[in-house]
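Residue-level structural notes
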Amino acid sequence: MTLAATHEVERLGAEELLEQLVERFHPRLYVACSFQKEASVIMDMLLRIEPSARFFTLDTGLLFPETYATWRALEERYGVKIDVYQGMSLARQRSLHGDALWARDPDACCGIRKVAPLKEALADVDCWISGLRREQSPLRADTPKLHWDDRHGLYKANPLADWSERDVWNYIFKHDIPYNALHDRGYESIGCTHCTVPGSGRDGRWAGTEKTECGLHG
Ligand code: SF4
């Protein structure tokens, strides 16, 4: 894949795109794992193409037990080790910013617990992969399958950008892949315990506030 051909990426299916990303970028290709259903699909598909593919997660320290269980299940199923990036400790966050920063200033909290660790994770790779899908929210409706991520200075790929909810579940059930059990309890989108409730699309994230994104994909 050449830079000039990136517009042609839109015509590629998820598997074809992953194959080209591996050819072009691996091992400087890094997959972000949120342990939502899209991460399960991408891990399964990518490891069939490249068994030494590399994965990372941002552990906020405030994830659901079901999310940590999915993390363990995926590592066991595929025999992979997912790299971990964390923001400052919760104790230090409390000493610097007081209690419940997520309630008083969720943008600052996401900045410390997600945005800063992501920057660290992406510092030494050439392309990262996320599970964004266009139908997840109006803000994500124009998500390209591949683009230059200006903020982090590398390519970003969204191989499931044009997948529907049904496409995701069909793949998961067809391949019997571990997935986050919270999806079965009404959580379509899953983030931190303090900021996530059941809901369709991304309605359950920071519900009742103006906030809709954590700042990782802006
Ligand atoms: S989702 Fe909530 S708890 Fe998690 S980092 Fe953002 S504000 Fe903090």
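Residues numbered from 1 in each chain as written. Predicted model: local features only at pLDDT ≥ 70, side-chain atom pairs only at ≥ 80, totals over all residues. Heavy atoms only, no water.

Some remarks on the overall build of the protein
Each helix and strand in the protein was counted, giving 7 helices and 6 strands. Reading the secondary structure of the protein in the N-to-C direction produces α-β-α-β-α-β-α-α-α-β-β-β-α. Taking 218 residues into account, the globule formula puts the C-alpha radius of gyration at 17 Å, and the protein, at 17 Å, falls close to it. Its C-alpha atoms give the protein principal-axis dimensions of roughly 50 × 35 × 35 Å. Out of the 218 residues in the protein, the part that is buried amounts to 50%. A fraction of 68% describes how many contacts in the protein between residues 6 or more apart in sequence connect residues 24 or more apart. Total accessible area computed for the protein in this model is approximately 10,500 Å², and 51% of it derives from carbon and sulfur atoms. Within the protein, the 33 negative side-chain charges are centred at a point lying 4 Å from the centre of the 27 positive side-chain charges. (Helix = DSSP H or I, 4+ residues; strand = E, 2+ residues; numbered from the N terminus. Rg over C-alpha atoms; globule rule 2.2 N^0.38 Å. Buried < 20%, exposed > 50% of the residue type's maximum accessible area, 1.4 Å probe, protein only. Contact = heavy atoms within 4.5 Å. Areas by Shrake-Rupley, 256 points an atom, 1.4 Å probe, with all protein chains shown as cover. Lys, Arg positive; Asp, Glu negative; His and termini not counted. Charge placed at Lys NZ, Arg CZ, Asp CG, Glu CD.)

Quick notes on the nonpolar core
General note: in soluble globular proteins, nonpolar side chains tend to be found buried as a group. Ranked by internal contacts, the top residues of the largest apolar core, which has 37 residues, are Leu21, Met43, Phe55 and Ile129. Looking at this core, the elements that each hand over two or more residues are helix H1 (14-25), strand E1 (29-32), helix H2 (37-49), helix H3 (65-78), strand E4 (127-129), strand E6 (154-157) and helix H7 (165-175). Those residues in contact with Ile129 that lie beyond four places of it in its chain are Leu18, Leu21, Leu29, Tyr30, Val31, Ala32, Ile42, Leu46, Ala157 and Pro159. By size, the runner-up hydrophobic cluster in this structure holds 21 residues, among which are Tyr30, Trp102, Trp128 and Leu216. (Core = buried A, V, L, I, M, F, W, Y, C linked by side-chain atoms within 4.5 Å.)

A short note on the pattern of salt bridges
Taken as a whole, this structure holds 13 salt bridges when the rule is applied. Its salt-bridge partner being Lys81, residue Glu75 comes within 3.7 Å of it at the nearest N-O pair. According to the relative accessible area criterion, Lys81 is exposed, its value standing at 64%. Here the residues in one salt-bridge network are Lys37, Glu38, Arg133, Glu135 and Glu165, joined through shared partners. (Salt bridge = Lys/Arg side-chain N within 4 Å of Asp/Glu carboxyl O.)

A word on the sheet that holds strand E2 (residues 54-58)
One key point about sheets: their strands pair by backbone hydrogen bonds, in either a parallel or an antiparallel sense. Read from one edge of the open sheet, 6 strands run E3-E2-E1-E4-E6-E5, paired in mixed fashion. Looking at which strands have only one partner, the edges of the open sheet turn out to be strand E3 (83-85) and strand E5 (146-149). Each adjacent strand pair in this sheet contributes to an overall mean axis angle of 30°, direction not counted. Alignment of E2 against E3, held across 3 bridges, turns out to be parallel. Bridging from a neighbouring strand, Leu58 pairs with Tyr85 of E3. (Pairing = 2+ DSSP bridges. Axes fitted to C-alpha atoms, helices over the stretch in contact; angles between N-to-C directions.)

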